[in-house]
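# Tertiary structure, described
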Amino acid sequence: MKKFLILFFIILFTNYNFAAAQEFNCPDIKETISVTGTNTELADPDTAIITLSIETNAKTANEAVAENSKKTNAVLTKLKRMLSPSDKIKTSSYSVQPVYSYNSSKNVLTGYKVVNQIKITTSQVKNTGTFIDAAVENGANTVSNINFTVENKNLYNTVLSKAAKDAKEQAAVVACALGVRLIGVKQASVSYDNNRYPAMYFKREASALGTASTPVEPGEVEIKANVNVDLYISK
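The structure displayed is predicted, hence computed values, not measured ones.

The secondary structure content of the chain amounts to 4 helices and 8 strands. Across the chain, helices and strands are ordered from the amino to the carboxyl terminus as α-β-β-α-β-β-α-β-α-β-β-β. Going through the 235 residues of the chain one by one, you find that 31% of them count as buried. Of the accessible surface of the chain, which amounts to about 15,200 Å², a share of 54% is contributed by carbon and sulfur atoms.

Here it is in structure tokens:
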């Protein structure tokens, strides 16, 4: 009887382990290769982004705010007449700060500074210098940043398509060299690099402008797309 029970449990656990092995069988792990396709195109910018400020100083905060408001309204009125309906202009930041003079004994409040920063987005790229001149003539005294970019989605799609084609060609070359077949895509990711016109900074009063115009050369914008792809392979 004892020998019979031992034999029964051996057969039972053998069958259980076999069934468990079938039920919890690990899936096949597919091998992959990874490639990165790239493409770069140069294009004329179709959008200019100008950041400028109106800064005023006065003995009291109210005086500084009033003067800043007057100059800012003059700048906005002039620019809005020049910009097209599709262009955008807005206040990006506004600050009122006390101004102190520092010496060895104490800090003395000497007045207040108000800064109203305006951001202009325009499709009139060739008129960027003209917009800057108009703003400075009407009260703007700081131009802190100019960016040129491309908003044309069709161009980005073209660059991306060529980058994906490059990734596909690379994968085919690698697979052929390794003697394997490409059987599917595991995952893919996309990234863009948009190299814009370098930022520029200068500060000057309207009285220093005279009759000279501001030369601005947009140049070309470099658009680069990267496509990273992991592909399944089979021998």
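Counting residues in hydrophobic clusters, the biggest one holds 21 residues, and the most contacted among them are Ile-50, Leu-52, Val-75, Leu-79, Ile-118, Ile-120 and Ile-132. Among the secondary structure elements, those contributing two or more residues to this core are β2 (47-58), α2 (61-82), β4 (107-122), α3 (128-137) and β5 (142-149). Top contributing element to this core by residue count: α3, with 5 residues. Look past the residues within four positions of Val-75 in its chain and what remains in contact with it is Leu-52, Ile-54, Ile-118, Ala-135, Asn-138, Gly-139 and Ala-140.

Moving on, we come to helix α4 (residues 153-178). Under the 1.5 Å per step criterion, the end-to-end length of α4 is 38 Å for 26 residues, consistent within 8% with the ideal 38 Å. Looking only at α4, the buried set comprises Tyr-156, Val-159, Ala-163, Ala-167, Ala-171 and Ala-175. With a side-chain oxygen positioned 3.0 Å from the backbone nitrogen of Asn-154, the residue opening α4 is Asn-152. Looking one or two places after α4, you find Gly-179, whose phi comes out positive at around 70 degrees.

Charged atoms that come close allow side chains of opposite charge to pair. Counted by the stated rule, this structure contains 2 salt bridges. Lys-162 serves as the salt-bridge partner of Glu-41, at 3.2 Å between the closest nitrogen and oxygen. On the criterion of sequence distance, the pair formed by Glu-41 in strand β1 (residues 31-43) and Lys-162 in helix α4 is long-range, its members being 121 residues apart. A residue is classified by how much of its surface remains accessible, and Lys-162, at 40% relative accessible area, is partly exposed. For Lys-71, the salt bridge goes to Glu-67, with nearest N and O atoms at 3.5 Å. Of this pair, Lys-71 and Glu-67 both sit in helix α2, 4 residues apart, roughly one helical turn.

On to the packing of aromatic side chains, then. Taken as a whole and assessed by the stated rule, the structure comprises 1 aromatic pair. Arranged with centres 5.4 Å apart and planes meeting at 85 degrees, the rings of Tyr-156 and Tyr-192 form a pair that is edge-to-face. Here Tyr-156 is found in helix α4, whereas its partner Tyr-192 is found in strand β6 (residues 181-195), with 36 residues between them in sequence.

Turning to the confidence of the model for the chain, a few remarks are in order. With 80% of its residues at a pLDDT of 70 or more, the chain has an overall mean of 84. The element-level mean pLDDT for the chain is lowest in helix α1 (residues 2-23), coming to 42, with α2 highest at 97. Scored below 50 in pLDDT, residues 1-26 makes 0 contacts in the model with residues more than four places away or belonging to other chains. Here residues 197-210 is a poorly scored stretch, pLDDT under 50, and it has 34 contacts once near neighbours within four places are set aside; other chains count.

The next thing to look at is the environment of Ala-167. You can see Ala-167 is positioned in helix α4. Discounting chain neighbours no more than four positions away, the residues touching Ala-167 are Val-35, Gly-37, Val-227 and Val-229.

Taking 1.5 Å per residue as the helical rise, α2 with its 22 residues ought to reach 32 Å, and the 32 Å between its terminal C-alpha atoms agrees with that figure. Looking only at α2, the buried set comprises Ala-64, Asn-68, Thr-72, Val-75, Leu-76 and Leu-79. The arc that holds the buried residues of α2, viewed along the axis, is 100 degrees, so those residues lie on one side. Exposed residues lying more than 90 degrees from the buried face of α2 are Asn-62, Lys-70 and Arg-81. Taken together, the buried residues of α2 touch β2, β3 (88-102), β4 and α3.

About the cut-offs
Residues numbered from 1 in each chain as written. Predicted model: local features only at pLDDT ≥ 70, side-chain atom pairs only at ≥ 80, totals over all residues. Heavy atoms only, no water. Helix = DSSP H or I, 4+ residues; strand = E, 2+ residues; numbered from the N terminus. Buried < 20%, exposed > 50% of the residue type's maximum accessible area, 1.4 Å probe, protein only. Areas by Shrake-Rupley, 256 points an atom, 1.4 Å probe, with all protein chains shown as cover. Core = buried A, V, L, I, M, F, W, Y, C linked by side-chain atoms within 4.5 Å. Contact = heavy atoms within 4.5 Å. Expected span 1.5 Å × (residues − 1). Polar contact = N/O pair within 3.5 Å; in protein donor to acceptor, adjacent residues only side chain to side chain. Salt bridge = Lys/Arg side-chain N within 4 Å of Asp/Glu carboxyl O. Phe/Tyr/Trp six-rings, centres within 6.5 Å; stacked < 30°, edge-to-face > 60°. pLDDT = per-residue confidence, 0-100. Arc of directions from axis to C-beta.

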